[in-house]
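What the coordinates show
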Amino acid sequence: MPVEQAGIFSITSMPHFDTYPTVYWLPVYALCWVLLWLAIRPQTNQRFFIASALLALFLLRLPSIVFNNEINPDESQMITQALTLRYDPVYFRSVDGTTGGPLDSYFLIIPSFIGLPFDFITAHLTAFGLVAVCFWLLFQTAKRWFGSKAARLALLPLIFMFGLTQNGDFLHYNSELIALVLLSWSYYLYAKLLADRQPSLLRIGLIGLLLGMVPFGKLQAVPLAAVVGLFVGITILLRQNLSVQAKVGRIALLGVCSAAFPLLVIFLTYINGVYNDFITFYIIGNFRYAGNTDQVKSLLRLPEFFQRGSEFDWLVKFVVLVWIAGFVAAVRRKIRFTIESVQIAAFIITLLIATLFAITRTGSEYVHYLYFLTGPLLFGLAYGWQQLQTNERTGQWIALGATAVFLLLFGIQTVQNYIQKTPMNPYSSEWQNGWVVQQSSVAKRVLTYARPGEKLAVWGWRCDYYVQTQMPQGVAENHTIRSAFNHPMLADYQKRYVSDFIRSTPPVFVDAVGSQNLWMNDRKTQGHELIKPLGQFVSAHYTYVGLVNDTRIYVRNDRVAGLNPKQ
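Because the structure is predicted, anything quoted here is derived from the model rather than measured.

**Structural notes on unusual backbone geometry**
- For Phe 92, which is not glycine, the phi dihedral falls at a positive 75°.
- Among the secondary structure elements, Phe 92 is positioned in the loop between helix H3 (73–87) and helix H4 (102–107).
- One non-glycine residue, Trp 519, lies in the positive phi region at around 70°.
- Within the secondary structure, Trp 519 sits in the loop between strand S2 (508–511) and helix H21 (523–526).
- On the accessibility criterion, Trp 519 (44% relative accessible area) is partly exposed.

**Points about the sheet that holds S2**
- Ordered by their spatial adjacency, four strands build an open sheet running S1-S2-S4-S3, and the pairing between neighbours is mixed. Only two strands of the sheet have a single neighbouring strand rather than two, namely strand S1 (456–459) and strand S3 (542–548). On average, each strand axis in the sheet is tilted by 20° relative to the strand beside it, whichever way the strands run.
- Here S1 pairs with S2 via four bridges, running parallel.

**Regarding empty space enclosed by the protein**
- Summed over all chains, the structure comprises four cavities of 30 Å³ or more.
- Each pocket or cavity is described by its volume, and for the largest cavity that value is around 60 Å³.
- Together, Thr 84, Asp 88, Arg 93, Ser 94, Lys 455, Gln 473, Gly 474, Val 475, Ala 476 and Arg 503 line the largest cavity.
- Tallied by class, the residues present in the lining of the largest cavity amount to two nonpolar, four polar and four charged.

**Focus: H3**
- Taking 1.5 Å per residue as the helical rise, H3 with its 15 residues ought to reach 21 Å, and the 22 Å between its terminal C-alpha atoms agrees with that figure.
- Within H3, twelve of the 15 residues are buried, which leaves the element mostly enclosed by the surrounding structure.
- For H3, the complete set of buried residues consists of Asp 74, Glu 75, Ser 76, Gln 77, Met 78, Ile 79, Thr 80, Gln 81, Ala 82, Leu 83, Thr 84 and Leu 85.
- Between a side-chain oxygen at the N-terminus of H3 and the backbone nitrogen of Asp 74 the separation is 2.8 Å; the capping residue is Asn 72.

**Some words on the environment of Ser 440**
- Along the polypeptide, Ser 440 turns up in the loop between helix H17 (393–419) and helix H18 (441–446).
- Given a relative accessible area of 17%, Ser 440 falls into the buried group.
- Here the alpha-carbon distance between Ser 440 and Thr 469, two residues 29 residues apart in the chain, equals 9.4 Å.
- Those residues within four positions of Ser 440 in sequence are excluded, and the remaining contacts are Tyr 465 and Gln 468.
- Here Gln 468 takes part through its side chain, which lies 2.6 Å from a polar atom of the side chain of Ser 440.

**What about helix H14 (residues 312–332)?**
- If you check H14, its first and last C-alpha atoms are 30 Å apart, about what 21 residues at 1.5 Å a residue would give, namely 30 Å.
- Those residues of H14 that sit buried are Phe 312, Asp 313, Leu 315, Val 316, Phe 318, Val 319, Val 322, Gly 326, Ala 329 and Ala 330.
- Considering only its buried residues, H14 is in contact with helix H6 (148–164), helix H13 (302–308), helix H16 (374–387) and H17.
- Lys 334 sits one or two positions beyond H14 and adopts a positive phi of about 55°.

**Focus on the environment of Phe 58**
- Residue placement: Phe 58 occurs in helix H2 (residues 46–65).
- Between the alpha carbons of Phe 58 and Gly 129 there is a distance of 8.9 Å; along the sequence they are 71 residues apart.
- In contact with Phe 58, not counting residues within four places along its chain, are Ile 65, Leu 125 and Phe 128.

**Here's the deal with the environment of Pro 423**
- Along the polypeptide, Pro 423 turns up in the loop between H17 and H18.
- Accessibility expressed as a relative area gives 36% for Pro 423, which makes it partly exposed.
- For Pro 423 and Trp 519, which are 96 residues apart along the polypeptide, the C-alpha to C-alpha distance reads 26 Å.
- Dropping the residues within four chain positions of it, Pro 423 is found in contact with Thr 19 and Tyr 20.

**Some thoughts on the pattern of salt bridges**
- Under the criterion given, the structure shown has 15 salt bridges.
- Here Glu 176 makes a salt bridge to Lys 218, at a shortest N to O gap of 3.3 Å. Of the two residues, Glu 176 sits in the loop between H6 and helix H7 (177–195) while Lys 218 sits in the loop between helix H8 (201–213) and helix H9 (222–238), which places them 42 residues apart along the sequence. The exposure classification of Glu 176 matches that of Lys 218, with both residues buried.
- Between Arg 552 and Asp 511 there is a salt bridge, and its shortest N-O distance comes to 2.6 Å. Residue Arg 552 is found in strand S4 (residues 551–556), and its partner Asp 511 is found in strand S2; the two are separated by 41 residues along the sequence.
- In this structure Arg 552 comes out as buried when scored by relative accessible area, which is 10%.
- We classify Asp 511 as buried; its relative accessible area is 0%.

**Some words on the packing of H6 against H17**
- Interhelical geometry of H6 versus H17 gives an angle of 5° and a closest axis separation of 10 Å. When the axis of H6 is compared with that of H17, the two are roughly parallel. Every residue of H17 that contacts H6 at Lys 149, Leu 153, Leu 156, Pro 157, Phe 160, Met 161 and Leu 164 is listed here: Gln 396, Ala 399, Thr 403, Phe 406, Leu 407 and Phe 410.
- For the contact of H6 with H17, the per-class residue count stands at ten nonpolar, two polar and one charged.

Conventions we followed
Numbering of residues begins from 1 in every chain and follows the order in which that chain's sequence is written. With pLDDT at 70 or above as the cut-off, local features in this predicted model cover only qualifying residues; side-chain atom pairs require 80 or more to be listed or tallied, and sums for whole chains, interfaces and linings still use all residues. Neither water nor hydrogens contribute to the side-chain values; these are computed over all heavy atoms in the structure. Note on conventions: DSSP H or I runs of at least 4 residues are helices, E runs of at least 2 residues are strands, and numbering of each starts at the N terminus. Think of it in three bands: with a 1.4 Å probe and only protein chains considered, a residue is buried below 20% of the maximum accessible area for its type, exposed above 50%, and partly exposed in between. For two strands to be treated as a pair, DSSP must find no fewer than two bridges joining them. Interaxial angles span 0 to 180 degrees and are taken between N-to-C directions of axes, which are lines fitted to C-alpha atoms, for helices over the stretch in contact. Cavities and pockets were defined on a 1 Å grid built over protein atoms only: a cavity is a set of grid points that admits a 1.4 Å probe from which the probe cannot escape, a pocket is an open set flanked by protein on both sides within 12 Å along at least five of seven lines, and lining residues are those with an atom within 4 Å of any such point. Grid points are joined across faces, edges and corners, and a volume is the space filled by probe spheres set on the points. Only Asp, Glu, Lys and Arg are considered charged, only Ala, Val, Leu, Ile, Met, Phe, Trp, Tyr, Cys and Pro nonpolar, and every remaining residue, Gly among them, polar. To estimate the expected span of a helix, subtract one from its residue number and multiply by 1.5 Å. As used in this structure description, the phrase polar contact means that two N or O atoms lie within 3.5 Å; if the pair is within protein, one of them must be able to donate a hydrogen and the other to accept it, and residues adjacent in sequence are counted only when both atoms belong to side chains. Residues are treated as being in contact if the distance between any of their heavy atoms lies within 4.5 Å. Take a side-chain nitrogen of Lys or Arg and a carboxyl oxygen of Asp or Glu: if they are within 4 Å of each other, that pair is a salt bridge. Angle categories: roughly parallel below 35 degrees, roughly antiparallel above 145, roughly perpendicular from 65 to 115, and oblique for all the rest.

Next comes the structure, spelled out in structure tokens:
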């Protein structure tokens, strides 16, 4: 039975897709070709074009958007954290996002204010919205620097790649998206700042505020934020129409505004008694995460990393080819560089270097890290098209032909998949019965002893049980790999887990270690008993009620005595 469905939608009105939605796919793919034609038409209204591009992106991603199951385990983590924060809004007490920042979880609460449930469709819709905002901001930035037509042509390959890919790392709600929007907004404001005759105090202050928020979306993105802050400072210092006092004042404003949000977070953690948890588990924990990585080796593995992104590898190669062609054309024409063009080029190159450092630092090569490259790639592509003079007929035909080949690759791949009986859409919603979360046998059993809204603790990595039952997490760490695997902070995580568990004493405890769990499969060495105080507490206060789908379920003693669950 479904736990919850969105009240603003009826079951019958919800679109659904099987694994071969050819009737849907063909006209939407044809729309991509129409979009390419619109990009090169000088009569095309800019607002109409960007609206059409984002509509195409939505339609291309719709089969994955309406899939009400996790595309990536990270989704369940953040949905659960958002659900929990509605009951207990103190981050680091009720939830810990580990490598993801607090803003990622808090942002997922917003859709609930308009009646949307804490489920995967809501998360997928939110992810699309963030990607759309990011692309719009990047397009506006590229238009300012390289012209409207170059920006249009640069946007299309990103629309095609992030719309037509079936790689789940680019389709799910991930911890990069909030930071990416903040960074994209700061790129746009920096572009406007470059064009200002006198740098606006309001704009500088807003850039600082956005940069200060980035670490709380994704700490990994700090190098990218640092690049923006550096170049804003350089821009201020290079302005000859500003006095020394005015320059110092603006740089001070940038610094103060950059520190404002972090200081607010520190203040809130302090008054809520979680400051030590913030420092220990977010700051120290993230810096120690994969701290022994060989950075040079990780950088040398970039080609393999890109290939893991499936069609993203095509995008990178396409951008590199267009950029090289544009650079060669610029050299042949002996283009003269202005101070502004040098600043823009230096910014993009430095941003690219910082991004490559950020996505390779941990060496883990999670494909969704590649989202951070969207800015440098779009800017590099726009530069290439500008230098190839797409305002002239020859340049237009070159751009049209090259982008058409890129789009054609997706069509060829889809046809090949169809012939080889590989699903065109791996995210089938055919038997979903509308906007409902499908419950596993474990979730059904849990709900015979507890109700949605009551706390649940899951040992292991099956955060989808929280979403399926709509039960907030009873411990800050909703996936327990950091309390099970050996690492320098193991004792800290285990101590906190036991403390959280005893404090909340949830009515149901699920030990998911087994064949159906992610990463933690050996019950003898990775079961909850490996933490002796936890094992003793569970043994004393909980009753083992059975094994469901290779998952152990324990119910608090008073709940077992007070209920007669249906077996």
